Amino acid sequence: MDAIFWQQMVNGLTLGAVYGLIAIGYTMVYGIIGMINFAHGEVYMVSAYLAAIAIALLGFFGIHSFPLVILGTLIFTIVVTGVYGFAIERIAYKPLRNSTRLAPLISAIGMSLILQNYVQLSQGARQQGIPTLLEGSLRLHIGDDFVQLTYTKVFILVAAVLGMLALTFIIQKTRLGRMCRATQQDRKMAQILGINTDRVISYVFIIGAAMAGLAGVLITLNYGTFDFYAGFIIGIKAFTAAVLGGIGSLPGAMLGGLILGIAEAQFSGMVNTDYKDVFSFSLLVLILIFRPQGLLGRPQVTKV
Amino acid sequence: MSAGPLMEFKNVDVFYGQIHALKRVSLHIDEGETVSLIGANGAGKSTLLMSIFGQPRAASGQILYRGADISKKSAHYVASNGIAQSPEGRRVFPDMTVEENLLMGTIPIGMKHADEDKQRMFELFPRLQERRNQRAMTMSGGEQQMLAIARALMSRPKLLLLDEPSLGLAPIVVKQIFATLRELAKSGMTIFLVEQNANHALKLSDRAYVMVTGEIRMTGTGSELLGNEEVRNAYLGGH
């Protein structure tokens, strides 16, 4: 294996970890209320702006050390993005809880357009950016060549894995997690057991948005630039990852994200960068044809 | 307020779309009693139990619990106030283990008695202890039924609602389950039991109601109804 392969492996893993974080929001929301939250990509986009605002504010107050800046930015972004997730569900989906399946889907598309336009109006249509916060890199030599592992990428990988571990712990081991799973498996029974399922659904939106917020901070650290339209393509990629892993399955979303990120990076490295999106979406089509339930999903069984 | 019945239906009407599922139903359950509701398939028995949780809601009439009307309250409010149900079809959480399912029963009261109550359930249903780490979907119907009852008991309910605990189970398992219910009844638990298996239900119950197409047709003590000609012919298969 040559250096390009390993370089693209590193790039793919970081990209994939971030896809996985965003895919979590799609898959959890789908699992609990059976809808695709098409505004989820926009939540990620908003979080990129929030991250930039946090970094600027911290800089204004003279805080420049990386650990403090990143900690402050993460806390601010994740909390405010969580509030966005909560508000989106309350405004656009909860009133439609008992209507047809299509209604919240349309409402989601509307919410997505509103968020894009609101950010475009308030922040301007130009591309925005943040300064590089973390300089430097590791070089791993392979023969005469080397793989460059920037500290930013290392940080992204570590943070994404920690985020996923924390979430897995919450869902598997805590009371809140059990309430989420119960609501997902049988909402009516969950209510009969005393669970306020509306509140659980709110928590799921907050958790999903918080994960997208974490992803937003991480991607912004890596690329440095974003605009009001940034949520669209990444949102659809993360959605692809969720479907690839099996929508509704939490480990599936993380695995799907990693696989998609690596596949995309390897395609870019070996074939062509311009067509990487075509490649990703072709993957989506192939999955839908040959394994519609995804890698870790279960075949849809209609409840009687 | 404490002098009245624990639960009372007063002229309750329930509709499923166009279908008049419950017609001016009135009944009551006193504290410490075991009351059963028997009737054929589709008579409206499960609808009656679910209407306590507002699913579906009563169109008219009152559902009183400890003297207060709960017919407009949310399901989780009702559950949080001491009413637990083992529903039709058991509805255990298929992807959760036995222990996790039991913990889901503790939502209304919190985790403070969880370990102690779990042990109590394992004594009541030893099969559950053997299967404690197994996912509910892999268990037999009888085991799932035991789990559904145990899960309901984990909330230390004041009123236990049971919807056809014998449905689809082998006679030997039905016997076991009813033996456990008898123990519970003796311990002072208030039980409201919905059953097609009138023989077992009536033997267990202090009082019973007979429901036919959404109406209460007959009421009496368990032994009165067991001896009643009409009930014997309609629900006991002439045995």
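Note that the structure is predicted; figures quoted are calculated from it, not measured.

Asks: A description of the overall build of chain B should follow, citing residues and the corresponding values.
Replies: Secondary structure assignment for chain B yields 10 helices and 10 strands. A globule of 239 residues ought to have a C-alpha radius of gyration of about 18 Å, and chain B, at 17 Å, matches this closely. For chain B, with 239 residues in total, the buried portion stands at 47%. By sequence separation, contacts in chain B at least 24 residues apart represent 66% of the contacts at least 6 residues apart.

Asks: Account for the overall build of chain A, with residues named and values stated.
Replies: Each helix and strand counted, chain A has 11 helices and 4 strands in total. For chain A, contacts bridging at least 24 residues in sequence account for 76% of all contacts bridging at least 6.

Asks: I'd like a rundown of the interface of chain B and chain A, residues and numbers included.
Replies: As a measure of interface size, the accessible area lost when the parts come together is often cited. At the interface, 20 residues of chain B touch 13 residues of chain A. Going through the elements one at a time, helix H2 (75-80) and helix H3 (98-104) of chain B are the ones with two or more residues in the side of chain B that touches chain A. Ranked by residues supplied to the side of chain B that touches chain A, first place goes to H2(B) with 4 residues. Per-class residue counts for the side of chain B that touches chain A are 11 nonpolar, 6 polar and 3 charged.

Asks: Describe the sheet that holds strand E10 (residues 215-221) of chain B, and please don't skip the residues or the numbers.
Replies: All names here are of chain B. Reading across the sheet, the 6 strands line up as E6-E7-E8-E3-E9-E10 and stay open at both edges, with mixed pairing between neighbours. On the outer flanks of this sheet lie strand E6 (83-86) and E10, each paired with one strand and no other. On average, each strand axis in the sheet is inclined to that of its neighbour by 15°, with strand direction left out of account. For strand E3 (residues 34-39) and strand E8 (residues 190-195), the ladder comprises 5 bridges, and the chain directions are parallel.

Asks: So what's going on with the UniProt feature "transmembrane region" (unreviewed entry) in chain A? Which residues, and what values?
Replies: Residues and elements named next belong to chain A. The UniProt record marks residues 12-36, 43-63, 69-88, 154-171 and 200-222 with the feature "transmembrane region" (unreviewed entry), using the residue numbering of this structure. Helix and strand shares over residues 12-36 are 88% and 0% respectively, and the end C-alpha atoms of the span are 25 Å apart. Across residues 69-88, helical content stands at 100% and strand content at 0%; the span's end C-alpha atoms are separated by 28 Å.

Asks: Could you give an account of unusual backbone geometry, with specific residues and numbers?
Replies: Residues and elements named next belong to chain B. For the bond from Gln55 to Pro56, the omega torsion is 5°, close enough to zero to count as cis. Of note, Pro56 is situated in the loop between helix H1 (45-51) and strand E4 (60-65). For Arg91, which is not a glycine, the phi torsion comes out positive at approximately 50°. Tracing the sequence through the fold places Arg91 in the loop between E6 and H3. The residue Glu164 is not glycine, and still its phi comes out positive at about 45°. Within the secondary structure, Glu164 is located in the loop between strand E7 (159-163) and helix H7 (171-186). By C-beta crowding, Glu164 is classed as buried, having 23 other C-beta atoms within 10 Å.

Asks: Can you break down the packing of helix H1 (residues 3-33) of chain A against helix H10 (residues 250-270) of chain A residue by residue, with the values?
Replies: Residues and elements named next belong to chain A. Their axes nearest at 6 Å, the elements H1 and H10 cross at an angle of 145°. Helix-helix and strand crossings are classified by hand; for H1 and H10 the assignment is right-handed. Looking at the contact of H1 with H10 residue by residue, the classes come out as 17 nonpolar, 13 polar and 1 charged.

Asks: For the packing of helix H2 (residues 40-60) of chain A against helix H3 (residues 66-93) of chain A, give the residues involved together with the corresponding values.
Replies: All names here are of chain A. It is at 9 Å that the axes of H2 and H3 come closest, and there the two elements cross at 140°. It follows that H2 is oblique to H3 by the angle criterion. At the point where H2 passes H3, the crossing takes the right-handed sense. Where H2 approaches H3, its residues Val43, Val46, Ser47, Leu50, Ala51, Ala54, Ile55 and Leu58 are matched on the opposing element by Val69, Gly72, Thr73, Phe76, Thr77, Val80, Thr81, Tyr84 and Gly85. Tallied by class, residues from the contact of H2 with H3 come to 11 nonpolar, 6 polar and no charged.

Asks: Before we move on, could you go through the sheet that holds E4(B) and cite the residues and values that matter?
Replies: Residue and element names in this part refer to chain B. Strand order in the open sheet formed by 4 strands is E2-E1-E4-E5, with antiparallel pairing between adjacent strands. Each having just a single partner strand, strand E2 (19-29) and strand E5 (68-69) make up the two edges of the open sheet. In the sheet, strand E1 (residues 7-16) pairs with E4 via 5 bridges, with the strands oriented antiparallel. In the sheet register, Phe9 faces E4, and the bridge partner there is Ile63.

Asks: Residues and numbers for the nonpolar core, please.
Replies: Among the nonpolar cores identified, the biggest contains 159 residues, and Val18(A), Leu21(A), Ile22(A), Val204(A), Ala215(A), Leu218(A) and Ala150(B) are the most heavily contacted of them. Looking at this core, the element that brings in the most residues is helix H8 (residues 197-223) of chain A, giving 17 residues. Excluding its chain neighbours within four sequence positions, the residues that come into contact with Val204(A) are Met28(A), Val29(A), Ile32(A) and Cys180(A).

Asks: A description of the pairing of strand E3 (residues 145-150) of chain A should follow, citing residues and the corresponding values.
Replies: Residues and elements named next belong to chain A. Sheet analysis places strand E2 (residues 137-142) next to E3, joined by 6 bridges and oriented antiparallel. For Leu140, the partnering residue across the bridge sits in E3 and is Val147. Between E2 and E3, which follow one another and run antiparallel, lie 2 residues, and Gly143 among them has a positive phi close to 60°.

Asks: Break down the confidence of the model for chain B for me, with residues and values.
Replies: Predicted coordinates in areas of low pLDDT are best not read in detail. In this model, chain B carries a mean pLDDT of 93, and residues with pLDDT of at least 70 account for 97%. Per the prediction output, this complex has pTM 0.92; the corresponding ipTM is 0.92.

Asks: Run through the environment of Lys94(A), naming residues and quoting values.
Replies: Mapped onto the secondary structure, Lys94(A) falls in the loop between H3 and helix H4 (102-123). Excluding its chain neighbours within four sequence positions, the residues that come into contact with Lys94(A) are Glu89(A) and Asp198(A).

Asks: Give me the lowdown on H7(B), citing residues and values where you can.
Replies: All names here are of chain B. In a regular helix each residue adds 1.5 Å, so 16 residues correspond to 22 Å; H7 covers 22 Å between its end C-alpha atoms and thus fits that length. Burial in H7 covers these residues: Ile177, Phe178 and Leu181. Along the axis of H7, the buried positions cluster into a sector of 100°, meaning they face one direction only. In this structure, H7 carries Ile172, Ala179, Glu183 and Lys186 as exposed residues pointing more than 90 degrees from its buried face. Buried positions along H7 lie against helix H6 (141-153), E8 and helix H8 (198-204). Once H7 finishes, Gly188 follows within two positions and takes phi at roughly 100°, a positive value.

Asks: Break down the environment of Thr47(B) for me, citing the residues and quoting the values.
Replies: Residues and elements named next belong to chain B. Positionally, Thr47 belongs in helix H1. A C-alpha to C-alpha distance of 7.7 Å links Thr47 and Leu22, two positions 25 residues apart in sequence. Sequence-distant contacts of Thr47, defined by excluding residues within four places in its chain, comprise Val14, Ala21 and Leu22.

What counts and what doesn't
Residues numbered from 1 in each chain as written. Chains lettered and ligands numbered in written order. Predicted model: local features only at pLDDT ≥ 70, side-chain atom pairs only at ≥ 80, totals over all residues. Helix = DSSP H or I, 4+ residues; strand = E, 2+ residues; numbered from the N terminus. Rg over C-alpha atoms; globule rule 2.2 N^0.38 Å. Buried ≥ 20, exposed ≤ 12 C-beta atoms within 10 Å, placed from the backbone. Contact = placed C-beta atoms within 7 Å. Nonpolar A, V, L, I, M, F, W, Y, C, P; charged D, E, K, R; others polar. Pairing = 2+ DSSP bridges. Axes fitted to C-alpha atoms, helices over the stretch in contact; angles between N-to-C directions. UniProt positions renumbered as here; feature names shortened; annotations may be inferred. Left-handed = near helix turned anticlockwise from the far one by under 90°. Parallel < 35°, antiparallel > 145°, perpendicular 65-115°, else oblique. Core = buried A, V, L, I, M, F, W, Y, C linked by C-beta atoms within 7 Å. pLDDT = per-residue confidence, 0-100. Expected span 1.5 Å × (residues − 1). Arc of directions from axis to C-beta.

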